[in-house]
Protein chains: 4
Amino acid sequence: MGTRKPYQLVSREWKQEDTTFAVNGVTIGKDLMLVAGPCAVENREQIFTISEYLAKKNIKFLRGGAYKPRTSPYSFQGLKTEGLQLLREAGDKYGLAVVSEIMSIDKIDELVSYADILQVGTRNMQNYPLLKALGKCGKPILLKRGMSSTIEEWLLAAEYIMSSGNERVILCERGIRTFETAARNTLDLNAVPILRRLTHLPVIVDPSHATGKRWMVAPMSYAGVAAGADGIMVEVHPKPEEAWSDGEQSLTLPMFSRLAGELRTIHAVVSPLHANPSEASGR
Amino acid sequence: MGTRKPYQLVSREWKQEDTTFAVNGVTIGKDLMLVAGPCAVENREQIFTISEYLAKKNIKFLRGGAYKPRTSPYSFQGLKTEGLQLLREAGDKYGLAVVSEIMSIDKIDELVSYADILQVGTRNMQNYPLLKALGKCGKPILLKRGMSSTIEEWLLAAEYIMSSGNERVILCERGIRTFETAARNTLDLNAVPILRRLTHLPVIVDPSHATGKRWMVAPMSYAGVAAGADGIMVEVHPKPEEAWSDGEQSLTLPMFSRLAGELRTIHAVVSPLHANPSEASGR
Amino acid sequence: MGTRKPYQLVSREWKQEDTTFAVNGVTIGKDLMLVAGPCAVENREQIFTISEYLAKKNIKFLRGGAYKPRTSPYSFQGLKTEGLQLLREAGDKYGLAVVSEIMSIDKIDELVSYADILQVGTRNMQNYPLLKALGKCGKPILLKRGMSSTIEEWLLAAEYIMSSGNERVILCERGIRTFETAARNTLDLNAVPILRRLTHLPVIVDPSHATGKRWMVAPMSYAGVAAGADGIMVEVHPKPEEAWSDGEQSLTLPMFSRLAGELRTIHAVVSPLHANPSEASGR
Amino acid sequence: MGTRKPYQLVSREWKQEDTTFAVNGVTIGKDLMLVAGPCAVENREQIFTISEYLAKKNIKFLRGGAYKPRTSPYSFQGLKTEGLQLLREAGDKYGLAVVSEIMSIDKIDELVSYADILQVGTRNMQNYPLLKALGKCGKPILLKRGMSSTIEEWLLAAEYIMSSGNERVILCERGIRTFETAARNTLDLNAVPILRRLTHLPVIVDPSHATGKRWMVAPMSYAGVAAGADGIMVEVHPKPEEAWSDGEQSLTLPMFSRLAGELRTIHAVVSPLHANPSEASGR
């Protein structure tokens, strides 16, 4: 009775073809999904400056934290409802889909009313009551990998959501905890081909949290797309040196603009290779 | 603003003397705290058989899972309210304090009404909304270490509870995730002297989850007490081979009885050493 | 006196421009370096078949183990001198530079007489007497990362070689040991941009040992080149299913041929990006 | 052919009874083996002061590094032959068996002529040519665990020594590398009961390297003995604050004297429990 059954609904055996779904005109799981925004929503000017810039560069997804899971109770915990309102306003004005984090069941209704995609953060990947409730929320879920979770545990977390009724789950690799301290975490790009083989769900990569360093974001984004990821999510800030959190790893807006172009170029080169793998890369 | 402040209320600098508090006649943080019970409450017979046995052996704490965080959505998720009712009934009949796990904010009232100590499991150690809410629940909290959490993150999790108003927090080392696969996890007994130096809170050790193997529970319990832990929590089952979960690591009742006696003997030998450390072991 | 000084000779502060050096017509550190060959030399037919194929595809480096560090004393330990002779013969006939592993000081003279590049394996990265002796051997050294070594320890190992007189050191990322067991090791591509920032030495990636799975080699090779690596080293075998070791992770010759072409294409796209980084990826 | 065979000679299946052997009047594998000495031999006064003290306290084993594997080529590398001569002189004068580290095959004859037990350090645990050569050296080997080696790899390293002809191998747990940075390494005491079950070889614990902190040495030594270890090896120094290396983790001589007494007391209490395990701790 206590035996763990393997995941089922998330598996390639259950469903061979890639899961794809459209959000704000982007077919996630097929088109390159680029998500950008600040670690935390700080004020109207910050979020509108970023949003205007993203819209000009034809980016379709704005991320921003309103409820922030902080290691210390004394750190800034987010603007909460006010932050969500600002994200929604900016999203509506500039045609951006909004991605924001959900931390507890009692905030699901609020998040659903403001955001287009609900993000489950690394610390909540095994918050099973939350996952079950998100299975019924009606919005796509961006499920970050627990920073010390195995790929199997991650897929089982997605299975919690799917088996509760929500098939629109995006997996996001964001670095794992290892002995190495030269970067914040170790970006586990092995996970990308492994997930492509095991699951039909879309997979994106977050190089900002995985590295914690601005100058690593571009090369690790290239690597993520080259490994076969369906998208990249990065932190940007108009003035990273003044950011309330994660300034060290935030790109400036011009840096992000250049990166977006580079990733589109690399994606155009590698996506045919992934679409038609030799046995070497194949499923 | 985003800078992480160090923990404060949990620290030895803030409060030099050990935190102690009485539950069911045991002064936690001073007396040896022995907690035993099944992984999951299964039925009345199981929980009453165990409870009667514990009472005879002068054990004061009964643990048992009613809400179970399982890696797979298809595994047994616990008897829920029924399980809590059985724990309370058995606890009342046999004079045992009840320890059971809380997984989400909306169940706090229920847990408070049935249990004497609320346990936060390894997967919820960084569930900050839950920790904040537990700061106001009025019951002692047994805070298990996240299986990949640093000691600093663990203390900051305790700080979330204390800064929300609850000073009765017990820290429980339960093994960390490493590269070694010979046991379920790696019991990190280094954490015991480190915590004794950094915090005034009581520290106990769970060798059952840390090892996953019945034959390792006794030696690692000895080691935990020798390292200076204030208590040991172990899984027991009348018929481990029929347990719905964690049977591999559950002690039989006679095994536990013998172990309890051994731990009392070892504790009597080592507690004077810890009470009067040379600089070698000192604070 | 026991204080650890930081590395010096290997650092970018000491020498700003990239270290490059020519081996068999390839400017390592500048041109894309592709190395292929079997885990272990098994017999003449095997090594000549591979060599002929590599030469046709314009590959310039043949790898092959003659002395094999095996976890068990009962596993095949390599053809030793006979293996080196076969590598040299094949290398001479087909115009390939030979890369082979050195395991102890007393074999350095032999390796120097047969191979063009001496490889230090992951288990010997901190074999300091060996590293010092290799500083005087006169051949380029391919220094694999210890599977649990930090980047700082790795650079200090390279410093042992350089401070003993040998400036031609190639660093090879080959996966680190983590909690994840879905692949053999976790390929740490973070290491590529970190090394490019900290050191002037060339950096290559070995996706075969890092993954242990044939179908992961192509995507992780793409990712390695995209992250900025100067080359890729992979295991190939004419009949992987008959290989004496590492058959699971060996590419067939046609798979490798396709991969080599793909990597040249990706390298042509990404090398200008790395040559002219925005601050985002920069040094 | 490349299939890894399991270890055999080191296993309990191969030989049920504990391996024991006498060195300097101590039956290793049965009596409590206490080893102390400085990280590095520094000069005559240091090593003779320590030796005289150890002899008075009835300690039978002196450790000291003459050849030191240092992470940086610029750190003190040991007094080499001179250090070995001092160890031998002091050992002879005060009736102590000498334990010192062997780093390469070409020094085995020298080590054999000066030391009574040859130590293989954590960085050389998988230096297979060295292990094979030590199988023929005629002296007991103290085989430290590789800081990132699994227990299986460790046993296979011991198998290399045994299968080359040397049955006197002592295993020494010295901490493993994990994500936790509060101490130098994580002392893996799980390894003690696991090894007792899998192998007949003696097992000791080194809490000095595992913790890197003087004030952790005593509690982790207690824990090691309680877990069932056959001995403890610690670093001591007459003036730790002046030590050339590892001063932070070295005990003063009076601290060690107190600790030795405490460990003898704990050993007397726990060794009967381990000799007669319930199924809970049993083999």
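You'll find the structure just up there.
This section reports on the structure supplied with the text. This structure is a prediction, so every number in the text was calculated from the model and none was measured.

This part takes up the sheet that holds strand S6 (residues 117-120) of chain A. All names here are of chain A. Strand order in the closed barrel formed by eight strands is S3-S4-S5-S6-S7-S8-S9-S10, and the pairing between neighbours is parallel. Within this sheet the neighbouring strands show an average axis-to-axis angle of 25°, counted without direction. With three bridges connecting them, strand S4 (residues 61-63) and strand S5 (residues 97-101) associate as parallel partners. By the bridge assignment for S5, Arg63 is matched with Val99. Together, strand S3 (33-37) and S4 form the strand contacts of helix H1 (residues 44-56), whose direction differs from that of S4 by roughly 155°.

Relative to chain A, chain C is turned by 180° and slid 0.0 Å along the rotation axis, the superposed coordinates differing by an RMSD of 0.0 Å. Such values leave the two copies arranged in the relation of a two-fold axis. No C-alpha of chain C lies nearer the rotation axis than that of Ala223 of chain C, which sits 2.1 Å from it. Comparing interface residues between copies, 100% of those in chain C also lie at the interface in chain A; the contact surface is shared.

Residues and elements named next belong to chain C. Interhelical geometry of helix H8 (residues 214-227) versus helix H9 (residues 253-275) gives an angle of 20° and a closest axis separation of 8 Å. By the angle between their axes, H8 is roughly parallel relative to H9. The way H8 lies across H9 gives a crossing that is right-handed. Taken together, the residues of H9 that come into contact with H8 (itself represented by Arg214, Val217, Ala218, Ser221, Tyr222, Val225, Ala226 and Ala227) are Met255, Leu259, Glu262, Leu263, Ile266, His267, Val270 and His274. Grouping the amino acids of the contact of H8 with H9 by side-chain chemistry returns eleven nonpolar, three polar and two charged.

Along the chain, Tyr160 of chain D falls in helix H5 (residues 151-163). Judged by relative accessible area, which is 0%, Tyr160 of chain D ranks as buried. Sequence separation between Tyr160 of chain D and Gly135 of chain D is 25 residues; the distance between their C-alpha atoms is 7.4 Å. Beyond its immediate sequence surroundings of up to four residues, Tyr160 of chain D is in contact with Arg70, Thr71, Ser72, Pro73 and Gln77 of chain C together with Tyr128, Leu131 and Lys132 of chain D. A distance of 2.5 Å separates a polar atom in the side chain of Tyr160 of chain D from the backbone oxygen of Arg70 of chain C.

This part is about the packing of helix H5 (residues 151-163) of chain B against helix H6 (residues 191-198) of chain B. Residues and elements named next belong to chain B. Running from N to C, H5 and H6 cross one another at 50°; their axes reach a closest spacing of 11 Å. Considering their axes alone, H5 and H6 lie oblique with respect to each other. Viewed along their axes, H5 and H6 form a crossing whose handedness is right-handed. In this structure, H5 uses Ile151, Trp154 and Leu155 to contact H6, whose residues at the interface are Ala191, Ile194, Leu195 and Leu198. Looking at the contact of H5 with H6 residue by residue, the class counts come to seven nonpolar, no polar and no charged.

Okay, the side chain of Arg196 of chain A next. All names here are of chain A. Here Arg196 lies in helix H6 (residues 191-198). For Arg196, a relative accessible area of 10% puts it in the buried group. Among the polar contacts made by the side chain of Arg196, one reaches the main-chain carbonyl oxygen of Gly228 at a distance of 3.2 Å. For Arg196, the side chain forms a polar contact with the side chain of Asp230, separated by 3.1 Å.

When the parts come together, some accessible area is lost, and that loss is often what is quoted as the size of the interface. With 52 residues of chain C at the interface, the matching set in chain A holds 52 residues. Of the roughly 4100 Å² buried between chain C and chain A, counting both surfaces, carbon and sulfur atoms make up 70%. With a closest N to O distance of 2.7 Å, Arg145 of chain C and Glu180 of chain A form a salt bridge. For the side of chain C that touches chain A, the secondary structure elements donating two or more residues are helix H6 (191-198), helix H7 (207-211), H8 and H9 of chain C. Grouping the constituent residues of the side of chain C that touches chain A by class yields 29 nonpolar, 14 polar and nine charged.

Residues and elements named next belong to chain D. Neither face of strand S7 (residues 141-144) is exposed, since Ile141 and Leu143 on one face and Leu142 and Lys144 on the opposite face are all buried. The pairing of strand S6 (residues 117-120) with S7 spans three bridges and is classified as parallel. Bridge pairing in S7 links Leu118 to Ile141. In the classification by handedness, the crossover that spans S6, the intervening helix H4 (residues 128-134) and the parallel S7 is right-handed. Direction of pairing for S7 relative to strand S8 (residues 169-173): parallel, over a ladder of four bridges.

Cut-off values and rules
- Here the residue index of a chain counts from 1 through its sequence in written order.
- Chain letters start at A and ligand numbers start at 1, both assigned in the order the entries are written.
- Residues qualify for local features only when their pLDDT is at least 70, as the model is predicted, and side-chain atom pairs are given and counted only at 80 or more; totals for whole chains, interfaces and linings, by contrast, use all residues.
- Only heavy atoms go into the side-chain values, all of them from the structure, while hydrogens and water stay out.
- Two strands pair under a simple rule: DSSP has to find at least two bridges between them.
- A run of DSSP states H or I qualifies as a helix once it reaches four residues; a run of E qualifies as a strand once it reaches two. Both are numbered from the N-terminal end.
- Working convention: axes come from line fits to C-alpha atoms, limited for helices to the stretch in contact. Angles between N-to-C directions cover 0 to 180 degrees.
- Contacts are assigned to residue pairs that have any heavy atoms within 4.5 Å of one another.
- Copies overlap after least-squares fitting; the atoms used are the C-alpha atoms of residues with pLDDT of at least 70 in both.
- Each angle gets one of four labels, with under 35 degrees taken as roughly parallel, over 145 as roughly antiparallel, 65 to 115 as roughly perpendicular, and the rest as oblique.
- Each crossing gets its hand from how the near helix is turned against the far one by less than a right angle, where anticlockwise is left-handed and clockwise is right-handed.
- Residues are grouped as follows: Ala, Val, Leu, Ile, Met, Phe, Trp, Tyr, Cys and Pro are nonpolar; Asp, Glu, Lys and Arg are charged; every other residue, Gly included, is polar.
- Whether a residue is buried, partly exposed or exposed follows from its accessible area with a 1.4 Å probe, protein chains only, as a fraction of its type maximum: under 20%, in between, or over 50%, in that order.
- Any pair of N or O atoms that falls within 3.5 Å is considered a polar contact. Within protein, one atom must be able to donate a hydrogen and the other to accept it, and sequence-neighbouring residues count only if both atoms are side-chain atoms.
- Summed over both partners, the accessible surface that disappears when two parts come together, traced with a 1.4 Å probe, is what is meant by buried area.
- A carboxyl oxygen of Asp or Glu within 4 Å of a side-chain nitrogen of Lys or Arg is what we treat as a salt bridge.
- If you view a crossover with the strands going away from you and the path from the first strand over the helix to the second runs clockwise, you call it right-handed.

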